[in-house]
Amino acid sequence: MGFSKDNLTGFILALLSSGFIGASFIIKKKGLRRAAAASGVRAGMGGHAYLLEPLWWFGMITMIVGEVANFVAYAFAPAVLVTPLGALSIIVSAVLAHFILKEKLHKLGILGCVMCIAGSVIIVIHAPQERSISSIQEIVNMATQPAFLLYVGSVMVLVFILIFYFAPQYGHTNVLIFTGICSLMGSLSVMSVKALGTALKLTFEGRNQLIYLETWFFMFVVATCVITQMNYLNKALDTFNTAIVSPIYYVLFTTLTIVASIIMFKDWDGQSAGSIISEICGFIVVLSGTILLHVTKDFERSSSFRGNAGNYTPLSPTLSTRLCSGNGESLKHDVEEGPSSEEVSSRRQDLYT
């Protein structure tokens, strides 16, 4: 299947978006640290001192620029093409973290970067063409399909349960809570962004869609979802290690977004079984590369900790331990502060009792 002009435009915008968003993760992380040091209250514990931190705002502006590029990309290309390319932002983040946050990039991490790029190429080659849409009413008809309404209802129920039941009890010990909220809301925001972007594209082409109430409704949904995403993403980044948050957020967000897009926009309709299988394989390669990249970053951090702590092992050295019961950020602070051997021994005893 040929690569259309619209798909090429969306592809280029997605690449630019990945660059800006990848950099924003590092900048915002530095801003959150600086704000926490100045106020003594971290964002994960309800603090909002980062709103007065210029570095955090610079990171936020960088992210907004990336999100705008991403927003426009969805108006030109299907979500099945645009969303997986977000893995490239993780590569940018990993490289910058190597130099700015002093997080060493392991050789296997480099392999993970290569896998992300290779998987992205496979997805780009086999991506479906953007579906032609002539009015906002067409999108409304897609959004009111029984299958998509069922998906939206399921997402809202899960989000409410996570926010009001699980977050207060487990939000600061299980990384899946905050990232799950971000990802679920993110899948809805992408669908609304694509709807709104398409409406604006049609308006600029001379077919005004701003006169329809549905266009403004999608704009409201976008604003609501994005605000919720940013709030819980800040909590996740401040509470847990970047090496834990980034891959989990990417995997959940991308998977849910692709599922939502397939249901609403029927991206795979008209594609051959071979193309669909190739896209799935490419996506799996990207996911594998993403996980490998961040697990090896976590391994390097754990190895550094062992070097500083003598013969003792770190409290939560593995990804699986952190997913189930550990706070990745706690280990990072331990490394930075250089705990005594007595503290490490005490924490190990607490872990196994």
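Residues numbered from 1 in each chain as written. Predicted model: local features only at pLDDT ≥ 70, side-chain atom pairs only at ≥ 80, totals over all residues. Heavy atoms only, no water.

Per an unreviewed UniProt entry, the chain is named Probable magnesium transporter, and its organism is Coffea canephora. On record in UniProt, under Sequence similarities (unreviewed entry), the comment for the chain is "Belongs to the NIPA (TC 2.A.7) family." Of the comments in the UniProt record for the chain, the one headed Subunit (unreviewed entry) reads "Homodimer." (UniProt positions renumbered as here; feature names shortened; annotations may be inferred.)

J.: Which residues make up the nonpolar core, and what are the values?
T.: In terms of nonpolar packing, the biggest core is built from 81 residues, with Met191, Leu233 and Met264 touching the most fellow members. With 14 residues, helix α8 (residues 175-204) is the largest single contributor of residues to this core. Counting the residues that make up this core, at least three belong to each of domain 1 (1-128 + 272-301) and domain 2 (134-266). When neighbours within four sequence positions are excluded, Met264 is seen to be in contact with Ile139, Met142, Ala143, Gln145, Phe148 and Met191. (Core = buried A, V, L, I, M, F, W, Y, C linked by side-chain atoms within 4.5 Å. Buried < 20%, exposed > 50% of the residue type's maximum accessible area, 1.4 Å probe, protein only. Helix = DSSP H or I, 4+ residues; strand = E, 2+ residues; numbered from the N terminus. Domains from an automatic or database assignment. Contact = heavy atoms within 4.5 Å.)

J.: Explain the side chain of Thr228 to me, and be specific about the residues and the numbers.
T.: Position of Thr228 among the secondary structure elements: in helix α9 (residues 213-239). Within the structure, the side chain of Thr228 is placed 2.9 Å from the backbone oxygen of Thr224, a separation counted as a polar contact. Apart from the residues lying within four places of it in its own chain, the contact partners of Thr228 are Ile181 and Met185. (Polar contact = N/O pair within 3.5 Å; in protein donor to acceptor, adjacent residues only side chain to side chain.)

J.: How would you summarise the layout of surface pockets if you had to cite specific residues and measurements?
T.: Approximately 770 Å³ is the volume found for the largest pocket. Surrounding the largest pocket, 37 residues form its lining, Ile21, Glu67, Asn70, Gln229 and Phe253 being those nearest its centre. The set of elements that each furnish at least two residues to the lining of the largest pocket consists of α1 (5-39), α2 (54-76), α4 (87-100), α8, α9 and α10 (242-264). Top element by residues in the lining of the largest pocket is α2. It accounts for 8 residues. Of the residues in the lining of the largest pocket, the class split is 23 nonpolar, 13 polar and 1 charged. Residue assignment places the lining of the largest pocket across two domains, with domain 1 (1-128 + 272-301) and domain 2 (134-266) each supplying three or more. Computed from the structure, the second largest pocket encloses a volume of approximately 430 Å³. Along the wall of the second largest pocket there are 18 residues; nearest its centre are Val152, Leu188, Ser192, Phe217 and Val221. Contributing elements (two or more residues each) for the lining of the second largest pocket: α6 (136-143), α7 (146-170), α8 and α9. Of the residues assigned to the lining of the second largest pocket, the class counts are 14 nonpolar, 3 polar and 1 charged. (1 Å grid on protein atoms, 1.4 Å probe; cavity = no way out; pocket = protein on both sides within 12 Å on 5 of 7 lines; lining within 4 Å. Points joined across faces, edges and corners; volume = space filled by probe spheres on them. Nonpolar A, V, L, I, M, F, W, Y, C, P; charged D, E, K, R; others polar.)

J.: Outline α4, listing residues and values.
T.: Taking 1.5 Å as the rise per residue, α4 with 14 residues should run 20 Å; its terminal C-alpha atoms sit 20 Å apart, in good agreement. Restricting attention to buried positions, one finds in α4 the residues Ala87, Leu88, Ser89, Ile90, Ile91, Ser93, Ala94 and Ala97. Of the residues one or two after α4, Lys102 is the one with positive phi, at around 60°. (Expected span 1.5 Å × (residues − 1).)

J.: Explain a nonpolar patch on the surface to me, using residue names and the numbers behind them.
T.: On the surface, Leu8, Ile12, Leu16, Phe20, Ile61 and Val65 cluster together to form a nonpolar patch covering roughly 510 Å² of accessible area. Secondary structure elements with two or more residues in the nonpolar patch: α1 and α2. Per element, the largest residue contribution to the nonpolar patch is 4 residues, and it comes from α1. Following the sequence through the fold, Ile12 ends up in helix α1. (Patch = residues over 30% accessible without salt bridge, like charges linked within 9 Å, V, L, I, M, F, W, Y side chains within 5 Å. Areas by Shrake-Rupley, 256 points an atom, 1.4 Å probe, with all protein chains shown as cover. Salt bridge = Lys/Arg side-chain N within 4 Å of Asp/Glu carboxyl O.)

J.: Hey, could you go over the packing of α6 against α9 for me, with residue numbers and the actual values?
T.: Any two packed helices are characterised by how steeply their axes cross, that is the angle between the axes, and by the distance between the axes. Relative orientation of the contacting elements α6 and α9 amounts to 55°, with a least axis distance of 9 Å. When the interaxial angle is binned, α6 and α9 end up oblique. α9 is crossed by α6, and the crossing has left-handed handedness. Across the interface between the two elements, Ile136, Ile139, Val140 and Ala143 of α6 pack against Glu214, Thr215 and Phe218 of α9. Grouping the amino acids of the contact of α6 with α9 by side-chain chemistry returns 5 nonpolar, 1 polar and 1 charged. (Axes fitted to C-alpha atoms, helices over the stretch in contact; angles between N-to-C directions. Parallel < 35°, antiparallel > 145°, perpendicular 65-115°, else oblique. Left-handed = near helix turned anticlockwise from the far one by under 90°.)

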